[in-house]
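Chains, contacts and geometry: an overview
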Amino acid sequence: MKIEQISKQTYDNYLKQVKINTFLQKSEMSEVLKANNSETEFLGLVDNGEVLAVALAVIRKVFLGVRVDLMTGAISTNPENEYIFYEKLKDYAKQINCLKLVVKPDKNYCNLDQEGNAIGKVDSTCSDNMQKMGYTVNDGYIGTFEGSPDYHFVKDLSGFSSLKEDELLKSFNYNAQRKIKKGRDMNLRVRAISKDELEEFNRLTVETSRRQHFSDLPFEYYQTFYDMFSESAEFLVSEIDINHSVKNLTNLIEKLNESPKGNKQKIESLAKEIKILEEFRDNANTNVIQLANMVIVYLENQAIYFVGGSSTKYQKLPGAFMIQFEAMKRTIEKGIPLYNFFGVEGKFDGSDGVLRFKQNFNGYIIKKVGAFIYYPHPMKYQVIQFLKDIRSKLKL
């Protein structure tokens with residue numbers, strides 16, 4: 001048995017035999033990653049011409065060598081072959097002058113409630129096996145969000161029906177319910193966009209990345225992703241037609257005025273919303289405004305909210321809540337049992353704003369085993385790091 005480069009067709013044919021858990025393992029990601037200036041290879045564990053396991057590898061050029069990343073690990077019809085893959089991968093890495101090998105197996109370590117408390121048992125099988133083979137646990141230099149995140153925030157949708165969306169709404173916390181009811185009053189719309197709308201989509205993701213201090217993906221990445229995953233993904237936007245919303249709110253006020261019940265507080269609240277919307281329209285010089293967006297990828301066992309953004313200026317409007325509600329409804333309609341909000345930092349001290357937003361929808365967290373590192377040429381790697389440190393000090 002040994003690790004070999006295999007063709008895209010061979011890779012795809014093998015994946016037909018297994019149930020993949022993440023779109024990041026699909027061959028289409030190779031083209032998407034290339035749009036982000038990444039070099040990729042399809043690798044296979046081969047025994048007398050038979051493929052026993054496969055992986056998508058990202059090859060990065062570094063000083064005097066390369067770094068190889070398997071950011072969703074290997075996949076096989078037989079889990080034992082995945083560990084054989086990682087063992088043989090060490091030899092392959094040495095042959096191609098790899099200085100650092102990073103593997104993130106797509107394996108669960110444990111479940112946590114949304115506050116970070118452990119649920120059920122820890123499964124250390126993968127971690128134990130990787131360390132027995134000479135891999136070391138992440139030294140802190142491999143980011144939580146590199147490749148597949150270390151912590152996935154998810155919501156079980158298996159008990160909900162597409163015919164009873166209010167039951168889904170009631171499963172959220174009070175804040176989310178209030179925001180979504182407000183979005184309904186305003187008649188906010190969520191729709192899938194066409195490819196020629198990607199520039200506006202990208203504008204929101206760039207704005208969000210700057211606000212939350214992370215690097216956004218290049219526009220070419222979104223273009224390629226749109227093409228490669230056209231059959232299994234949707235680019236969704238939530239937007240407001242202000243004229244339509246003002247009319248809707250005005251009609252609600254008229255109905256409340258006709259009611260014998262005391263609705264003064266509700267009427268005042270709706271009137272205030274109308275005034276805010278009219279100011280937004282005047283300042284924006286447009287009637288239709290995009291509030292939030294997302295890329296959702298549908299798999300057999302889960303739907304994944306991969307990436308998205310929202311407008312800072314219009315954060316008081318519930319666009320981000322409405323788009324998540326709609327995405328979950330679409331997931332239920334497709335008979336998919338799990339909605340994956342994707343990554344959170346794994347910090348439960350209140351500092352993770354992304355986690356706080358996702359907690360509105362009452363889910364739980366899957367903690368993955370994380371990254372493992374192997375140095376095929378440890379002495380060479382240490383010397384290079386030593387030289388880099390000297391050079392850095394000389395620049396000071």
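Below you will find a few notes about this structure. On a predicted model such as this, the values are computed, not experimentally measured, just so you know. Residues take numbers from 1 onward in each chain, read along the sequence in its written order. Local features in this predicted model are restricted to residues whose pLDDT is 70 or higher, and side-chain atom pairs enter the listing and the counts only when it is 80 or higher, whereas totals over whole chains, interfaces and linings include all residues. Excluded from the side-chain calculations are hydrogens and water; all other atoms, namely the structure's heavy atoms, are used.

Details of the overall build of the protein chain
Secondary structure elements follow DSSP: runs of H or I no shorter than four residues count as helices, runs of E no shorter than two count as strands, and numbering proceeds from the N terminus. Looking only at helices and strands, one finds 13 helices and 17 strands in the protein chain. Principal axes of the C-alpha set define a box for the protein chain whose edges measure 80 × 55 × 40 Å. Throughout, exposure labels follow a simple rule: accessible area from a 1.4 Å probe, protein chains only, divided by the maximum for the residue type, with under 20% read as buried, over 50% as exposed, and the rest as partly exposed. Relative to its 396 residues, the protein chain shows a buried fraction of 49%. Partitioning the intrachain contacts of the protein chain with sequence separation of at least 6 by distance along the chain shows that 76% fall at a separation of at least 24. Measuring between centres, the 54 positive side-chain charges of the protein chain sit 4 Å from its 52 negative side-chain charges. We call two residues in contact when some of their heavy atoms are within 4.5 Å. In this tally, Lys and Arg are treated as positive and Asp and Glu as negative; His is ignored, and so are the chain termini. By convention, the charge on Lys lies at NZ, on Arg at CZ, on Asp at CG and on Glu at CD.

Some words on unusual backbone geometry
A positive phi is found at Asn 97, a non-glycine position, where the angle reads about 60°. On the accessibility criterion, Asn 97 (28% relative accessible area) is partly exposed. Despite not being glycine, Asn 362 shows a phi value in the positive range, around 55°.

Section: the pairing of strand β7 (residues 108-113)
Two strands are counted as paired when DSSP detects at least two bridges linking them. Direction of pairing for β7 relative to strand β16 (residues 364-368): antiparallel, over a ladder of 5 bridges. The partner of Asn 108 across the bridge, within β16, is Lys 368. With 2 bridges connecting them, β7 and strand β8 (residues 118-119) associate as antiparallel partners. Among the inter-strand pairings, Leu 112 is bridged to a residue of β8, identified as Ala 118. Where β7 folds back onto β8 in an antiparallel hairpin, the turn is made up of 4 residues, including Gly 116, whose phi is positive at roughly 100°.

Looking at the packing of helix α9 (residues 242-258) against helix α10 (residues 264-284)
The N-to-C vectors of α9 and α10 enclose an angle of 165°; their axes lie 10 Å apart at closest approach. On the basis of their axis angle, the class for α9 and α10 is roughly antiparallel. Our pair here, α9 against α10, has a crossing hand that is left-handed. Contacts between α9 and α10 involve Ile 242, Asn 243, Ser 245, Val 246, Leu 249, Thr 250, Leu 252, Ile 253, Leu 256 and Asn 257 on the former and, on the latter, Lys 266, Ile 267, Leu 270, Ala 271, Glu 273, Ile 274, Leu 277, Glu 278, Phe 280 and Arg 281. In the scheme used here, Gly and all other residues not listed as nonpolar or charged are polar, with Ala, Val, Leu, Ile, Met, Phe, Trp, Tyr, Cys and Pro taken as nonpolar and Asp, Glu, Lys and Arg as charged. Of the residues assigned to the contact of α9 with α10, the class counts are 12 nonpolar, 4 polar and 4 charged. Fitted lines through C-alpha atoms serve as axes, helices being fitted only where they are in contact, and the angles separating the N-to-C directions of these axes extend from 0 to 180 degrees. Angle categories are assigned with fixed cut-offs, so that under 35 degrees is roughly parallel, over 145 is roughly antiparallel, 65 to 115 is roughly perpendicular, and the rest are oblique. In this scheme the handedness of a crossing depends on how the near helix is turned from the far one: anticlockwise by less than a right angle means left-handed, clockwise means right-handed.

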